[in-house]
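One letter stands for each residue in the lines below.
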Amino acid sequence: MAVAIRTEALTKRYGSTLALDALDLEVEQGEVFGFLGPNGAGKSTTIALLLGLARATGGHATILGMDVWDDAPRLHRRLAYVPSVADLWPGLTGAETLRLLASVHGSVDEAYRAELLDRFELVPDKKVRALSHGNKQKIPLVAAFSSRADVLLLDEPTTGLDPLMEQVFRACVHEARDRGQTVFLSSHILAEVEAVCDRVAMLRAGRLVECGTLEVLRRYSALRVRVVLAGPVPDLSGVDGVRALRVDGQVVECDVAGSVQPLLTALAGSVVERMTTTEPSLEELFLSRYGEAGATPVVAP
């Protein structure tokens, strides 16, 4: 397939701070590409460079064969961008904002925009200043999807959305891919990326540490388990899938990769008073795999 987004040794420094370190990426046309990393990893810096809002210190990037800096005006007609926080005009209504964004971009599918307003449950006649954060976030989402742009750059786009609206967002991403659009999705939400992405890249401290199919993501998947026992704690150190084991009196905390059944089997002879499970954040998973931010990551082949 043709390459929609390509970066070669893309580097960005802010003074003595290395925000992005020689990033090499290729995103194919028509795929949904997840760009993952904890806060401060360099995801937003990468998107700023791709948008031509910041100039690279080294290396270069192209989108649809056009240089992101030199060809920015021409390229932006084929891009749509959604930031993590929508900084909109407070005195305009949602409808007025959408018309303005469409006129600036130069492209809009008005029938699809009307459908998206209904699906996102956005009341278009309210002024932006009267909208909640989540409802403000719906405006650039509707504008981006209804533009039918060839490439969508989405930087933490579901910030503030409730779970129902997140499902609508995911459906829109699938529809964009089915139309042949390319979606570059920056996120720190594992479940969101796993639900929509074809491939993922993982960034940490400005460097690429993983890139590949969703199997890469699933290697990070884990379940945080906390068990309170009524008696002695059995030896769980050799239980399949159990890692980061911590025992404090009769309280057991651990991460479980894969099936939780081996842990349940090991606890079968004990009296379990309470068990809770949670999914750790991406930040926690990165720290458990790569350690503190100062450690040097290993770039995956």
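Located above this text is the structure these notes cover.
Report follows, based on the coordinates. (Residues numbered from 1 in each chain as written. Predicted model: local features only at pLDDT ≥ 70, side-chain atom pairs only at ≥ 80, totals over all residues. Heavy atoms only, no water.)

## Points about helix α1 (residues 43-50)
Helical geometry: 3.6 residues make up each α-helical turn, so side chains three or four residues apart lie on a common side. What counts here: Any residue under 20% of the maximum accessible area for its type is buried, any over 50% is exposed, and the rest in between are partly exposed; the area is computed with a 1.4 Å probe on protein chains only. Helix and strand definitions here come from DSSP, where helices need a minimum of 4 consecutive H or I residues and strands a minimum of 2 consecutive E residues; each element is numbered from the N-terminal end.
Most of α1 is tucked away, with 7 of its 8 residues classed as buried. Immediately downstream of α1, the backbone of G52 shows phi near 75°, a positive value.

## A look at the state of the cysteines
What counts, and what does not: By convention in this document, the label disulfide applies to cysteine sulfur atom pairs within 2.5 Å.
If you walk through the whole model with that rule in mind, you get 0 disulfides. The closest cysteine sulfur to the non-disulfide-bonded C172 is located on C197, 15 Å from its own sulfur. For C172, a relative accessible area of 1% puts it in the buried group. Free cysteine C211: the closest other cysteine sulfur is in C197, separated by 12 Å. By relative accessible area, which is 29% here, C211 ends up partly exposed.

## Let's talk about helix α3 (residues 94-105)
Basically, it comes down to this: Multiplying one less than the number of residues by 1.5 Å gives the expected span of a helix. What the arc covers is the set of directions going from the helix axis to the C-beta atoms.
Counted at 1.5 Å a residue, the expected span for α3 with its 12 residues is 16 Å, and the 16 Å between its end C-alpha atoms agrees. All of the buried residues along α3 are G94, T97, L98, A102 and H105. End-on view of α3: buried residues confined to an arc of 135°, all on one side of the axis. In α3, the exposed residues that point more than 90 degrees away from the buried face are S103 and V104.

## Overview of the environment of I63
Filter applied, for reference: The contact rule is simple, with two residues in contact once any of their heavy atoms fall within 4.5 Å.
Inspection of the secondary structure assignment puts I63 in strand β4 (residues 58-63). Sequence separation between I63 and I5 is 58 residues, and the spatial gap between their C-alpha atoms is 4.5 Å. Apart from residues lying up to four places away in sequence, I63 is in contact with A4, I5, L50, V68, L75, L79, V151 and L153.

## Notes on the pattern of salt bridges
Side chains that differ in sign of charge can pair as their charged atoms come close. How we decide: Any Lys or Arg side-chain nitrogen located within 4 Å of an Asp or Glu carboxyl oxygen qualifies as a salt bridge.
Under the counting rule described, the total for this entry stands at 13 salt bridges. In this structure, R78 engages D150 in a salt bridge whose closest nitrogen and oxygen atoms are separated by 2.7 Å. Within this pair, whereas R78 is found in the loop between α2 (72-75) and β6 (79-82), its partner D150 is found in the loop between α5 (133-146) and β7 (151-155), the two being separated by 72 residues in sequence. Ionic pairing is found between R148 and D109, a salt bridge with its closest N-O pair at 3.2 Å. Of this pair, R148 sits in the loop between α5 and β7 while D109 sits in the loop between α3 and α4 (110-119); the two residues are 39 residues apart in sequence, bridging distant segments of the chain. A network of salt bridges, in which partner residues are shared, links E115, R119 and E175.

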